[in-house]
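Structure at a glance
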Amino acid sequence: MSLLYYSRMRFTLSLLPLLLASSLPAHVISVYGPGRDATLIADDLSLRDPKNYGFMSSGSHAAYLTTFFMEHLAAQHPGHLALTHYYPGLVFTDAIFSPRLPAWFRGFFYYARPLLLYFLPMALTAEECGDRVLFNASSRFPCRLSDGEAMPSKTDEGVDVAASSDGIDGGGAYRVNWNGEVVNTGKQYPKLREEGWLEKVVRHTMEAFEEIKAGRVFTG
Amino acid sequence: MVDLATVRSSNTRLVSTQPLVVVVVGVAGIGGYALRALAATHGKDGKGLRVYIVARTAAKVEALILDCQKLCPAGHFHFVQANDLALLQEVDKTCVELIKVEEKQARAAGDKARIDILIMAHANFEPWHPRQGISAFFLC
């Protein structure tokens, strides 16, 4: 959880003065999984209870927290900051052949890799993956503009400007799939917004950061 | 779907419009591919590139920097060593150092200290913790 969410938002905040000094809209790109948001355990955001903690629930919480916190930052810094949570697809990094992984797993992917690359669109080579990560810094994903400014509807390459996760075209906080398309927020989002989850997530995160900065252990 | 040719021409425009300062956190996997793509796209014709690589293992980063330098001879690639980025104090310490180096580099280049793109891909997807031998899969 820390590496996927808290650590990444902390990097963003700690480097914010330099990001805001960019003469471009600065781009913040977090590579993980925006579409993993499913369960949200409202009374245990940190997943402290071992019963709540798992691969699925930690990915789900990381996706929710990232979505809301990025929306917060994009709205705070119009004209300056565009943020993307990017799902890279199935990419064959060296990590799948780590000797620490079970032999059957490595064996399976050794033989399955060429087939997957051929038949599965979301299976990408390292090279294509790198190019597509970089594309998140394009003008398809612009920073939010200040009130009254008109957002162009297309980039110089003729690609549509993407919709932000809060539904604003060019709103500055994006959930992006491996192929450059937007990962839509689910049906649960309008209700979550009504219940004030954006503010709750920002409060939770800032409290964690303040406690840890003060040398205490965050218990929220 | 945005096709790969469009992605590439957009990336080429990005590196040929202005010099860039880029930070990449975690380069063992996807972060490393993004960095290679950036260096290759910039190549010899881009407007200039200053990159900070935040990672754990110096030997791996040195090899990566050699590759990038071949792809992009005019680029400046700096390694910022970090240990456990799950610890927020470690993140802060790393950022303080990074900012210090960027201010120095920018001054030397007669340039403004800044970051144009921050790419974060650090994670831990291995099922066992390398030091403790316990399941770290769920600690990611």
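Model, not experiment: these values are computed from the prediction. (Residues numbered from 1 in each chain as written. Chains lettered and ligands numbered in written order. Predicted model: local features only at pLDDT ≥ 70, side-chain atom pairs only at ≥ 80, totals over all residues.)

Some remarks on the confidence of the model for chain B
All names here are of chain B. Per-residue pLDDT for chain B has a mean of 89; in total, 89% of the residues score no lower than 70. Contacts for the low-pLDDT stretch residues 127-140, under 50 throughout, to residues beyond four places or in other chains number 24 contacts. Per the prediction output, this complex has pTM 0.92; the corresponding ipTM is 0.93. (pLDDT = per-residue confidence, 0-100. Contact = placed C-beta atoms within 7 Å.)

Thoughts on the packing of helix H5 (residues 126-135) of chain A against helix H1 (residues 4-17) of chain B
Taken N-terminus to C-terminus, the directions of H5(A) and H1(B) make an angle of 60°; their axes are 9 Å apart at the nearest point. Our classification of the angle between H5(A) and H1(B) gives oblique. Between H5(A) and H1(B) lies a crossing whose hand is left-handed. Each of Glu128(A), Asp131(A), Arg132(A), Leu134(A) and Phe135(A) in H5(A) lies in contact with H1(B), whose residues at this interface are Leu4(B), Val7(B), Arg8(B), Ser10(B) and Asn11(B). Tallied by class, residues from the contact of H5(A) with H1(B) come to 4 nonpolar, 2 polar and 4 charged. (Axes fitted to C-alpha atoms, helices over the stretch in contact; angles between N-to-C directions. Helix = DSSP H or I, 4+ residues; strand = E, 2+ residues; numbered from the N terminus. Parallel < 35°, antiparallel > 145°, perpendicular 65-115°, else oblique. Left-handed = near helix turned anticlockwise from the far one by under 90°. Nonpolar A, V, L, I, M, F, W, Y, C, P; charged D, E, K, R; others polar.)

Some points on the interface of chain A and chain B
Between chain A and chain B, the residue contacts involve 55 residues of the former and 50 residues of the latter. Those elements that place two or more of their residues in the side of chain A that touches chain B are helix H1 (2-14), helix H2 (16-20), strand S1 (26-31), helix H3 (55-76), H5 and helix H7 (197-213) of chain A. Broken down by element, the residue count for the side of chain A that touches chain B peaks at 10 residues, all from H1(A). Partitioning the side of chain A that touches chain B into residue classes produces 29 nonpolar, 16 polar and 10 charged. Relative to strand S4 (residues 117-120) of chain B, S1(A) runs parallel, the two sharing 4 bridges. Looking at the pairing, His27(A) lines up with Ile117(B) of S4(B). (Pairing = 2+ DSSP bridges.)

Overview of the packing of H1(A) against H3(A)
Residues and elements named next belong to chain A. It is at 9 Å that the axes of H1 and H3 come closest, and there the two elements cross at 20°. By the angle between their directions, the pair H1 and H3 is classed as roughly parallel. In the crossing of H1 with H3, the sense of the turn from one axis to the other is right-handed. Where H1 abuts H3, its residues Leu4, Tyr5, Met9 and Thr12 lie against Ala62, Leu65, Thr66, Phe69 and Leu73. Of the residues that constitute the contact of H1 with H3, the class distribution is 7 nonpolar, 2 polar and no charged.

Topic: the sheet that holds strand S3 (residues 76-81) of chain B
Across the sheet, 7 strands lie side by side as S5(A)-S2(A)-S1(A)-S4(B)-S1(B)-S2(B)-S3(B); this open sheet has parallel pairing. The open sheet terminates on both sides in strands that have one partner only, identified here as strand S5 (173-176) of chain A together with S3 of chain B. Here the strands of the sheet are splayed against their neighbours by 15° on average, with no regard to which way each runs. On top of the sheet, helix H3 (residues 58-71) of chain B reaches strand S2 (49-55) and S3 of chain B; it is set at about 170° to S3(B), its chief contact.

Here's the deal with the pairing of strand S1 (residues 20-25) of chain B
Within a regular beta strand, the side chains point alternately toward one face of the sheet and then the other, so they alternate between its two faces. All names here are of chain B. With 6 of its 6 residues buried, S1 lies for the most part within the structure. Neither face of S1 is open: one carries Leu20, Val22 and Val24, the other Val21, Val23 and Val25, and all of them are buried. As judged from the 6 bridges shared by S1 and S2, these two strands associate in the parallel manner. Within S2, the residue paired with leucine 20 across the bridge is leucine 49. Between the parallel elements S1 and S2, the chain passes through helix H2 (residues 30-42) in a crossover that is right-handed. Sheet topology places S1 next to S4; 4 bridges connect them, and they run parallel. What sits directly across from valine 24, in S4, is isoleucine 119. (Buried ≥ 20, exposed ≤ 12 C-beta atoms within 10 Å, placed from the backbone. Right-handed = clockwise from strand over helix to strand, strands pointing away.)

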